[in-house]
Amino acid sequence: MTPASAAGASTLPVTVGMERRPFGPVPRNVPVIGQGTWYIDDAHRPTAVAALRNGLDLGMTHIDTAEMYGDAELVVGEAISGRRDEVFLVSKVLPSNASISGTVTACERSLARLRTDRLDCYLLHWPGSYPLEDTFEGFERLREQGKILSWGVSNFDVPDLEAAWAAGGEGRMACNQVLYHLEERAIEHAVLPWCEEHGVVTVAYSPFGHGVFPDPTSRGGRVLAEIAESHFTTVRRVALRFLVRRSSTFTIPKASSAEHAADNAGAGAIILTEAELARIDTAFPLGPRPRRLPML
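It should be emphasised that the depicted structure is a prediction, and the values quoted were computed from it without experimental measurement. (Residues numbered from 1 in each chain as written. Predicted model: local features only at pLDDT ≥ 70, side-chain atom pairs only at ≥ 80, totals over all residues. Heavy atoms only, no water.)

Draft legend 1. Region of the structure containing the confidence of the model for the protein chain. Confidence in the prediction of the protein chain, expressed as mean pLDDT, is 94, and 95% of residues score 70 or more. Within the model, pLDDT remains below 50 along residues 1-15, and this stretch shows 31 contacts once partners closer than five positions in the same chain are excluded. (pLDDT = per-residue confidence, 0-100. Contact = heavy atoms within 4.5 Å.)

The following block contains the structure:
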């Protein structure tokens, strides 16, 4: 078994020194590799809690969840108990709840499930039927009450971002959370450049492709394996590092076990050369710009 195999992650030393970066207008540096929680409530509860806690131990203190994710907020609440001040905690409001009062009520419900008095960032999960002005007024009321420290959006394409910028005011929006992985790079056409131009960070969800990670026998899989070998690391760490190669990007992989969390965390300090980044870029070409921003 080579060092590039994900199965061998537990035999590898965990790289220390998780990189942190500014998170838009938020006055706090956030780790480039965080922890997602979509479907985490499907796992054995103690195993899921242990995975999140191990991730915290290894510097992945950005934890993302949502009211849509079933009991994920309850799992997160248990995992961060006694450690809240370490965590950059994010949740999301469903568009169907995103009226002014509905946004406030949804946030308060999430806070109770998470066993905390505040969120570090609160997101609109995707564009919906309520006016953005109403949702953002709800966000601002929550911020004034200290229940959220910042806010952002998720699954917003450029026209949505323009509308959000106009509705929310300059410099208010912290992030846009979007689908981004090696086989799905559509955001690089326009969404990522727009966010960089406006000081909005990009957070990549499903960075391993939600079950479609490159096959090791494929051209791209072989490139990842060769680069991983040269760094004595795993292919998944290399993939994560590629996604955060720009200073404005972060990612939130989910881990189903403490071992998987350790593998993810190891990406936080890897440095890929320009030549290695170019090889990955060539192996996983950008492709044409889609008519609509892909999302899961």
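Here the narrative resumes.
Draft legend 2. Region of the structure containing the packing of aromatic side chains. Taken as a whole and judged by the stated rule, the model has 10 aromatic pairs. Ring geometry for Trp 38 against Tyr 69: centres 6.1 Å apart, planes inclined by 20°, an arrangement best described as stacked. Linking Trp 38 in the loop between strand E2 (26-31) and helix H1 (45-57) with Tyr 69 in the loop between strand E3 (62-64) and helix H2 (72-79), this pair joins segments that are 31 residues apart in sequence. Ring centres of Trp 165 and Trp 194 lie 5.8 Å apart, and the angle between their planes is 90°; this geometry places the pair in the edge-to-face category. Pair noted here: Trp 165 is in helix H5 (residues 158-168) and Trp 194 is in helix H6 (residues 191-197), with a separation of 29 residues, a long-range link. The buried category is assigned to Trp 194, whose relative accessible area is 6%. Joined through ring pairs, the aromatic side chains of Tyr 122, Phe 136, Phe 139 and Trp 151 make up one cluster. Sitting over the ring of Phe 213, Arg 236 keeps its end group 4.5 Å from the ring centre. (Phe/Tyr/Trp six-rings, centres within 6.5 Å; stacked < 30°, edge-to-face > 60°. Helix = DSSP H or I, 4+ residues; strand = E, 2+ residues; numbered from the N terminus. Buried < 20%, exposed > 50% of the residue type's maximum accessible area, 1.4 Å probe, protein only. Lys NZ or Arg CZ within 6 Å of the ring centre and 35° of its normal.)

Draft legend 3. How the structure looks around the pairing of strand E5 (residues 121-124). Both faces of E5 are covered, namely the face carrying Cys 121 and Leu 123 and the face carrying Tyr 122 and Leu 124. In this structure, strand E4 (residues 88-93) lies alongside E5, joined through 4 bridges in parallel fashion. Its bridge partner lying in E5, Val 93 is registered against Leu 124. Handedness of the β-α-β unit built from E4, helix H3 (residues 100-114) and E5 comes out right-handed. Pairing of E5 with strand E6 (residues 151-154) involves 3 bridges; the strand directions are parallel. The residue of E6 that forms the bridge with Leu 123 is Gly 152. Handedness of the crossover joining E5 and E6 through helix H4 (residues 132-144) is recorded here as right-handed. (Pairing = 2+ DSSP bridges. Right-handed = clockwise from strand over helix to strand, strands pointing away.)

Draft legend 4. Structural context of the environment of Thr 103. Counting through the fold element by element, Thr 103 comes out in helix H3. Given the relative accessible area of 0%, Thr 103 is considered buried. Residues contacting Thr 103, with those up to four places away along its chain left out, are Val 93, Asn 97, Ala 98, Tyr 122, Thr 135, Gly 138, Phe 139 and Leu 142.

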